[in-house]
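Commentary on secondary and tertiary structure
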Amino acid sequence: MSLGQELAPHLPFLRRYARALTGSQTHGDAFVRATLEAIVAKPDEFPRDVDPRLGLYKTFHAIWSTANIEEGEEPSRSLAGAESIAHARLSRITPLSRQALLLTSLEGFSSEDTAYLIGASPSDVDSLVAEALDEIERQTLADVLIIEDEPIIAMDIETIVRDLGHNVTGVAVTRDEAVAQARQSPPGLVLADIQLADDSSGIDAVRDILAEFSVPVIFITAFPERLLTGTRPEPTFLITKPFQRSTVKAAIAQALFFDAATVPAG
């Protein structure tokens with residue numbers, strides 16, 4: 001099997017990670033392209049002493065770290081929108097902490113593998129994750145709309161959201177219900193499945209909501225391949241079912257981290 005064939009199954013998930021790390025589909029995808037270009041240019045330098053997925057993420061981190069804003073550096077005045085929000089909040093949390101949080105909670109890497117990827121010890125990784133969660137939770141609060149037709153899953157998501165200190169404005173099970181609830185109580189965050197009770201689409205529901213409101217969206221689905229196709233538009237934040245509570249927690253924290261409407265949590 002060629003190196004390209006070994007890496008192909010992992011690319012959609014690297015794009016997910018890159019987008020969550022940067023808060024931008026455009027910038028995240030650009031770093032992934034740069035990673036692939038680096039591998040193609042120097043295939044002999046690709047780490048072959050580890051699993052291909054680890055090697056891919058390791059190469060990505062080498063690319064990303066060289067372009068990342070140095071700690072303490074002021075963001076450019078030309079930045080706008082989510083990017084300016086991200087840079088403002090990044091000044092309060094170290095890049096390593098955010099990487100550790102995403103790699104363990106969103107991507108499912110062990111503390112040992114994460115330590116390899118970011119150049120730290122496993123115990124350091126655990127401390128970095130705790131630091132990231134504490135800081136991000138202090139910075140953000142939101143009203144959350146949940147679009148999910150499976151009652152048990154919806155209850156689990158609602159519990160996670162409330163435990164994080166957020167307010168749940170409603171739980172919708174169809175496209176029309178989701179849009180109606182969003183109009184009644186405009187959300188600050190949407191968590192959406194893609195297959196709903198009446199065979200309507202959570203994707204369409206989100207599209208309708210985004211036509212009227214600017215709000216971050218996290219898709220929670222058993223069918224990530226339907227969204228991670230490499231074509232636009234794609235979600236910046238995506239969770240695969242079955243999910244861990246820590247995964248939902250990390251995704252919510254990251255989505256709100258880049259959103260201007262979130263309220264500082266005391």
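Residues numbered from 1 in each chain as written. Predicted model: local features only at pLDDT ≥ 70, side-chain atom pairs only at ≥ 80, totals over all residues. Heavy atoms only, no water.

Some points on the environment of Tyr57
Applicable threshold: Comment: elements are numbered from the N terminus, with helices defined as DSSP H or I runs of at least four residues and strands as E runs of at least two. A simple rule labels every residue: compare its accessible area, found with a 1.4 Å probe on the protein chains alone, to the largest value its type can have, and call it buried under 20%, exposed over 50%, or partly exposed in between. The contact definition used throughout considers only heavy atoms, calling two residues in contact when any of these lie within 4.5 Å. Under this definition, polar contacts are N or O atom pairs within 3.5 Å; protein pairs additionally need one hydrogen-donor-capable and one acceptor-capable atom, and for neighbouring residues in sequence, both atoms have to be side-chain atoms.
With respect to the secondary-structure elements, Tyr57 resides in helix α4 (residues 52-67). Here Tyr57 falls in the buried class, since its relative accessible area comes to 0%. For the pair formed by Tyr57 and Ile118, sequence separation is 61 residues and the distance between their alpha carbons is 9.7 Å. Aside from chain neighbours lying at most four places away, what touches Tyr57 is Phe13, Leu14, Tyr17, Leu103, Glu107, Phe109 and Leu117. Within the structure, the side chain of Tyr57 is placed 3.4 Å from the backbone nitrogen of Leu14, a separation counted as a polar contact.

A short note on the pairing of strand β3 (residues 189-192)
The side chains of a regular strand alternate between both faces of the sheet. Applied cut-off: Note on pairing: two strands pair once DSSP finds at least 2 bridges between them. By convention a crossover is right-handed if, when the strands point away from the viewer, the path from the first strand over the helix to the second runs clockwise.
Of the two faces of β3, both are covered, the one formed by Leu189 and Leu191 as well as the one formed by Val190 and Ala192. Pairing of strand β1 (residues 143-147) with β3, which is carried by four bridges, proceeds in the parallel orientation. Counted as the bridge partner of Leu145 is Val190 from β3. Note: β3 against strand β4 (residues 217-221), three bridges, orientation parallel. Opposite Ala192, over in β4, you have Phe219 as the bridge partner. Crossover β3 to β4 through helix α11 (residues 202-210) is right-handed.

Remarks on α4
Filter applied, for reference: What a helix should span is 1.5 Å times the count of its residues minus one.
Helix length check: α4 (16 residues) gives 23 Å between terminal C-alpha atoms against 22 Å at 1.5 Å per residue, within 8%. Those residues of α4 lying buried are Pro52, Arg53, Leu54, Gly55, Leu56, Tyr57, Thr59, Phe60, His61 and Trp64. Contacts from the buried residues of α4 go to α1 (3-7), α2 (11-22), α3 (25-41), α6 (95-106) and α7 (111-118). Among the residues of α4, the N-terminal cap falls to Asp51, whose side-chain oxygen and the backbone nitrogen of Arg53 are separated by 2.9 Å.

Comments concerning the sheet that holds strand β5 (residues 237-240)
The line we're drawing: Axes, fitted as lines to C-alpha atoms, cover a helix only where it is in contact. Angles between the N-to-C directions of the axes lie from 0 to 180 degrees.
The five strands lie next to each other as β2-β1-β3-β4-β5, forming an open sheet whose pairing is parallel. Each edge of the open sheet is held by one strand with a lone partner, namely β2 (167-172) and β5. Adjacent strand axes in the sheet meet at a mean angle of 20° when their direction is disregarded. The pairing of β1 with β2 spans five bridges and is classified as parallel. By the bridge assignment for β2, Ile147 is matched with Ala172.

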